[in-house]
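Spelled out from the first residue to the last, the chains are:
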Amino acid sequence: MDSKLLLEIYNKQARMIYFYLKKNGCSHEDAEDIVQESYTKFIAYSSGVSSDKALAYIFTISMNEFKKLLKKKGQEQALLIDDERFWSNFANDEDTELSVLNIEMNQEIASTLDKIQEIYKQLLLLKYELELSYKEIALLLGMKEETVRTYLFRARKEFQKKWRDLHE
């Protein structure tokens, strides 16, 4: 594989994978290690992977490495939603009640996300937490853009159903 292409992929996409891992509860150090390990494995085993599928391949390696790490540590995946907003709410003591309500809402969202299919959870996080476009998500997951749209529609419907179940 062309080293310029690999460097370009790394510079543009490594941060996105890193932040996705962080949103899924991975520590800073572990997320950096996983991203580096994923690219190392990609370099070693990429001979049969076309350049348009490279990012999806690297993302899959990253998710597998993260799952192995969790299994090794005996931990469950913990979803982190809007850490910045969490800390800014505590820094601003003007409305403590609003801060507590935001924390509770984030916990309910994380709980609801844990109850839906893994692919749907990934898609919702990529779209609404990382604010990626359909095209970027399709590139990252190695799917067609229309498939991403369809799956996101289904993901929203399943999330809504689980949310209603939680609040009835």
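Coordinates for the structure precede this section.
Residues numbered from 1 in each chain as written. Predicted model: local features only at pLDDT ≥ 70, side-chain atom pairs only at ≥ 80, totals over all residues. Heavy atoms only, no water.

**Student:** Can you lay out the pattern of salt bridges for me, pointing to particular residues and giving the numbers?
**Tutor:** What the rule picks out here adds up to eight salt bridges. Of the charged contacts, one joins K41 and E65 as a salt bridge, the two residues approaching to 2.4 Å between their closest N and O atoms. Here K41 is found in helix α2 (residues 28-45), whereas its partner E65 is found in helix α3 (residues 54-73), with 24 residues between them in sequence. K68 is paired through a salt bridge with E65; the nearest N and O atoms lie 3.2 Å apart. With K68 and E65 both in helix α3, this residue pair falls three residues apart, about one helical turn. (Salt bridge = Lys/Arg side-chain N within 4 Å of Asp/Glu carboxyl O. Helix = DSSP H or I, 4+ residues; strand = E, 2+ residues; numbered from the N terminus.)

**Student:** Let's hear about the packing of helix α6 (residues 118-129) against helix α7 (residues 134-141): which residues, and what values?
**Tutor:** Running from amino to carboxyl end, α6 crosses α7 at an angle of 135°, the nearest separation of the two axes being 10 Å. Here α7 runs oblique to α6, going by the angle between their axes. Every pair of crossing elements has a handedness; the one defined by α6 and α7 is right-handed. From α6, I119, Q122, L123, L126 and K127 reach across to α7, where they touch Y134, I137, L140 and L141. Its residues assigned to classes, the contact of α6 with α7 comprises seven nonpolar, one polar and one charged. (Axes fitted to C-alpha atoms, helices over the stretch in contact; angles between N-to-C directions. Parallel < 35°, antiparallel > 145°, perpendicular 65-115°, else oblique. Left-handed = near helix turned anticlockwise from the far one by under 90°. Contact = heavy atoms within 4.5 Å. Nonpolar A, V, L, I, M, F, W, Y, C, P; charged D, E, K, R; others polar.)

**Student:** Account for unusual backbone geometry, with residues named and values stated.
**Tutor:** Positive phi outside glycine occurs at E131, with the angle close to 55°. Its location among the elements puts E131 in the loop between α6 and α7. What makes E131 exposed here is its relative accessible area of 64%. (Buried < 20%, exposed > 50% of the residue type's maximum accessible area, 1.4 Å probe, protein only.)

**Student:** I'd like to hear about the nonpolar core, residue by residue, with values.
**Tutor:** Nonpolar side chains in soluble globular proteins generally cluster together in the buried interior. Of all hydrophobic cores here, the largest spans 39 residues; its most connected members are I17, L21, I137 and L140. Per-element tally for this core: the top contributor is α3, with nine residues. When residues no more than four places from it in sequence are discounted, the contact partners of I17 are V35, Y39, L55, I58, F59, S62 and L140. (Core = buried A, V, L, I, M, F, W, Y, C linked by side-chain atoms within 4.5 Å.)

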